[in-house]
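The lines below spell out each chain.
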Amino acid sequence: MRELFWLIPFFPALGAAFFIIFGRVISKKLVSWLAPSLVGISFVFSLISFLQLKGVWIKELFSWIKIGNLSIPFAFQFDPLSSIMALTVSGVSFLIHVYSIGYMADDWGYKRYFAYLNLFTFSMLLLVLSANLPMMFVGWEGVGLCSYLLIGFWFEKDTAANAGKKAFIVNRVGDFGFLLGIFLLFSLFGDLSFSFINSHVEGISPEMATAAALLLFVGATGKSAQLPLYIWLPDAMEGPTPVSALIHAATMVTAGVYMVSRLFPLYHHSGFALNVVAWIGIITALFAATIALVQNDIKRVLAYSTISQIGYMFAGVGVGAVAAGMFHLFTHAFFKSLLFLAAGSVIHGVGTQDMREMGGLRRVMPATFWNFLIAALAISGIPGFAGFFSKDEILKEAFLSGHKWIWLIGVVTAGLTAFYIFRLIFMTFYGEKRGWDHAHESPVVMLIPMSILAFFSIVSGWIPTSFAKYLQPLGYIEIKEASHSTEIVLILISVAIAVLGIFVAWFVYVKRKGKGWNFGFIYKLLYGKYYVDELYNLIIVSPYRKGSELINRYFDTGVIDRTVEGSGELAMNGGKLLSRLQTGLLKDYGLWMTVGIITGLFFAIRSLL
Amino acid sequence: MSTFSLLLLSALLFAGGIAGFFVRRDLITMLLSAEIMLAGANLALLVFSTIKKSIEAEAAVLVILTVAAAEVAVALAAIAVVARKKGEATEKTVSELKG
């Protein structure tokens, strides 16, 4: 496998190319079989490579770019970090491909959908398996493109088309920073492979490391939906739900966390940049969780939840605990995609996304309910479920490394998380039914992937120590030992706050049936998402628009159009003027001819003399 | 006759042609003037060909005469048509090309 692991991304690429070229002639059935199996092959390859992996595998296929002293090979890297990402990505992607067969069954864009989904899987695997920054950037842009295509999948809806555009444009801002970071790193190191940068990081000044790390982090805030560039992710929920589960919950949005973990020595060398990562992460976590408290659209709640959980991951990596951050990424991929798939199952059954029109679905969709409950317990941090271990790991590391404030905010956020996710459950599955007539349980092809994810939502959390040990060959993983008493106290606190969150949700939404929940302007502020979209509109979008209008009025019509029209008018008027010479009188023509010949002769003779 | 007087005759013919072309108004006389200019040019060519002792210029003169004959036939026909349509054939009657 050592020689062949680089094939992992190319199976889905094959599928994508095949569906795009032959989409019109092949049958739907073939697509349903081929698309998931190609991703399945990738998963099997990843699994075998994972089992055989010792040390770091680097496979250089050919020299990709060679200009002057810039030399970038087309190289893949398989090490503990990328192996975990490859496994998570291909595994979750496979399950979601299977789920999509049921979810998208009646959609007119079925084949196009699977072409995009395969293309996404390829780009994401390219991103995680690349051995240098430019290749990672190709994957990075590839997933951005697929995200755009899939958010706007139902492009006949205006909201979907606009959401796609928004995601793409906001990501451009981030990617610009990312690109500048790559340029800076090239000028500093002269080599862009991860192994070189990570091993020579001591050779540059911490200030330069800070600049490069922060520029790259700008890209991460765009791709991973962190403050201040998170605004595209809630709108991205316009896409099909499996897409939200795969791209906007489990894989693509965690690319930023992966990137920071990959270049951790650079961030660590800077120090300041690492703190920025931690603080942006934890503030985003709190910020997004508060918005999620009051949203009524089932997918938007989950979207803000995703932003919040990725914030946790950044906080984990930022306090120096790469293993904890990556562990949360790993477990989160399962329970968050399960939450999305279960929500998709609800939407599939009820036909609406508004939780105020659901209620009482527990009896109609029992399988979905149980899956949802498992994922909810996992994200809330109830002991025994995956999220408990990973979130606890981050909070513990934050506490032990002396980031007491980050720990505190993290704990508060954990309580909010438990509240909003159980608010969602109580509004959707409990109480009496509101606004739906007949719902149905989803087909087996959707339920099986959900059950598998549910299984992993529980067990994937049981291995925190071996997970960290597995990552240790990276060379920058510390395993901190806490005294048992401290650890127990920390656990008790986070469990208590999770249970408190669930209890409050139960009290408000089951006991009091959602009444008496009104905090006036705070509620309004949260419901309006802190009016950040409006703020962006005010300070960026509308000045931009106004400026464009001004330029349109003065430069476009004033300068460009005038130039074009002017050249036409010049020709017309010139023609009019010259046409006066055409008198129509034979003599005048003769006169001009004579004048011409005499002039010609004059010069001819003068040159002879 | 000496070469000089022949060349002088050719120049006089040419100048007369030009003068006639610009002074007269009826198309037939203008055409005649143009033919006189041609004759002057032909004469000059012949003189030079005898000086140079070469046959090419004489051949050219024969070609020019042939073409001129054809051209006169066409031009006269055109003038006849103009005269029939408009009642007279002066340069004023055919000034439709005025810009």
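Model, not experiment: these values are computed from the prediction. (Residues numbered from 1 in each chain as written. Chains lettered and ligands numbered in written order. Predicted model: local features only at pLDDT ≥ 70, side-chain atom pairs only at ≥ 80, totals over all residues. Heavy atoms only, no water.)

1. As for the overall build of chain B
Of regular secondary structure, chain B possesses three helices and zero strands. Shown N-terminal to C-terminal, the secondary structure of chain B runs as helices and strands in the order α-α-α. Considered along the principal axes of its C-alpha atoms, chain B spans approximately 50 × 25 × 25 Å. Taken over 99 residues, chain B has a buried fraction of 26%. Within chain B, counting contacts between residues at least 6 apart in sequence, those at least 24 apart form 57% of the total. By element, 75% of the accessible surface of chain B is carried by carbon and sulfur atoms, the whole surface being about 6,400 Å². The averaged location of the 8 negative side-chain charges in chain B is 6 Å from the averaged location of its 9 positive side-chain charges. (Helix = DSSP H or I, 4+ residues; strand = E, 2+ residues; numbered from the N terminus. Buried < 20%, exposed > 50% of the residue type's maximum accessible area, 1.4 Å probe, protein only. Contact = heavy atoms within 4.5 Å. Areas by Shrake-Rupley, 256 points an atom, 1.4 Å probe, with all protein chains shown as cover. Lys, Arg positive; Asp, Glu negative; His and termini not counted. Charge placed at Lys NZ, Arg CZ, Asp CG, Glu CD.)

2. Notes on the nonpolar core
Side chains of a nonpolar character, in soluble globular proteins, are inclined to be buried together. Residues and elements named next belong to chain A. Within the largest apolar cluster, 182 residues are counted, with the highest numbers of intra-cluster contacts made by Met-124, Leu-133, Tyr-230, Met-259, Tyr-267 and Phe-422. Ranked by residues supplied to this core, first place goes to helix H15 (residues 322-350) with 18 residues. Excluding residues within four positions of it along the chain, Phe-422 makes contact with Leu-373, Ala-376, Leu-377, Ser-380, Ile-502 and Ala-505. Among the nonpolar cores identified, the runner-up in size contains 16 residues, and Ala-278, Val-319, Ala-321 and Ala-324 belong to it. (Core = buried A, V, L, I, M, F, W, Y, C linked by side-chain atoms within 4.5 Å.)

3. Regarding the environment of Lys587(A)
Tracing the backbone shows Lys587(A) in helix H24 (residues 586-608). If sequence neighbours within four positions are ignored, Lys587(A) has contacts with Phe21(B), Phe22(B), Val23(B), Arg24(B), Arg25(B), Met30(B) and Glu91(B). A polar contact is formed between the side chain of Lys587(A) and the backbone oxygen of Phe22(B), at a distance of 3.4 Å. (Polar contact = N/O pair within 3.5 Å; in protein donor to acceptor, adjacent residues only side chain to side chain.)

4. Quick notes on the packing of aromatic side chains
Residue and element names in this part refer to chain A. Scanning all chains against the criterion turns up 46 aromatic pairs over all chains. Taken together, a centroid distance of 5.9 Å and an interplanar angle of 45° make the contact between Phe-5 and Trp-57 tilted. With a gap of 52 residues between them, Phe-5 in the segment before helix H1 (10-22) and Trp-57 in strand E1 (residues 57-67) connect regions that are remote in the sequence. Each member of the pair, Phe-5 as well as Trp-57, is classed as buried. Ring geometry for Phe-327 versus Phe-467: centroids 4.8 Å apart, planes at 45°, classification tilted. Separated by 140 residues along the polypeptide, Phe-327 in helix H15 and Phe-467 in helix H20 (residues 464-471) bring together distant segments of the chain. Every member of this aromatic cluster is reached through a ring pair, and the members are Trp-6, Phe-10, Phe-62, Trp-64, Phe-74, Phe-76 and Phe-122. Over the aromatic face of Tyr-430 sits the side chain of Arg-362, whose NZ or CZ is 4.2 Å from the ring centroid. A cation over an aromatic ring shows up here: Lys-404 above the ring of Phe-399, its NZ or CZ 4.8 Å from the ring centre. (Phe/Tyr/Trp six-rings, centres within 6.5 Å; stacked < 30°, edge-to-face > 60°. Lys NZ or Arg CZ within 6 Å of the ring centre and 35° of its normal.)

5. Points about the interface of chain B and chain A
Listed as interface residues are 14 residues of chain B and, on the opposing side, eleven residues of chain A. Together chain B and chain A conceal approximately 970 Å² of surface at their shared face, both sides included; 65% is due to carbon and sulfur atoms. One can count one salt bridge joining chain B with chain A. With its nearest N and O atoms 3.3 Å apart, the salt bridge here joins Glu91(B) to Lys587(A). Applying the counting criterion to the chain B and chain A interface returns three residue pairs in polar contact (both at pLDDT 80 or more). (Buried area = accessible area lost by both parts, 1.4 Å probe. Salt bridge = Lys/Arg side-chain N within 4 Å of Asp/Glu carboxyl O.)

6. Re the pairing of E1(A)
All names here are of chain A. Relative to strand E2 (residues 70-78), E1 runs antiparallel, the two being bridged by nine bridges. Residue pairing in the sheet places Glu-60 in a bridge with Ala-75 of E2. Hairpin connection between E1 and E2: a loop of two residues separates the two successive antiparallel strands, and Gly-68 in this loop has a positive phi of roughly 55°. (Pairing = 2+ DSSP bridges.)

7. With respect to the pattern of salt bridges
Residue and element names in this part refer to chain A. Tallied over the entire structure, the rule returns 15 salt bridges over all chains. The partner of Glu-141 in a salt bridge is Arg-172, with the nearest N and O atoms 2.4 Å apart. Of this pair, Glu-141 sits in helix H5 (residues 133-151) while Arg-172 sits in helix H6 (residues 158-189), and the two are 31 residues apart along the sequence. The network of salt bridges with shared partners includes Lys-166, Asp-235, Arg-300 and Asp-533.

8. So, the side chain of Ser82(A)
All names here are of chain A. Looking at where Ser-82 falls in the secondary structure, it is placed in helix H3 (residues 80-103). Within the local environment of Ser-82, its side chain forms a polar contact with the side chain of Asp-79, the two groups lying 2.8 Å apart. Beyond its immediate stretch of four places on either side in the chain, Ser-82 contacts Gln-77, Val-128, Leu-129, Tyr-258 and Arg-262.

9. Points about unusual backbone geometry
Residues and elements named next belong to chain A. The linkage connecting Leu-227 with the following residue, Pro-228, adopts the cis geometry, with an omega of -5°. Along the chain, Pro-228 falls in the loop between helix H8 (206-223) and helix H9 (232-235). With a phi close to 55°, Ala-225 is a non-glycine residue in the positive phi region. Residues other than glycine seldom take positive phi values, yet Tyr-531 does so here, at roughly 55°. In this structure, Tyr-531 sits in the loop between helix H22 (521-527) and helix H23 (532-578).

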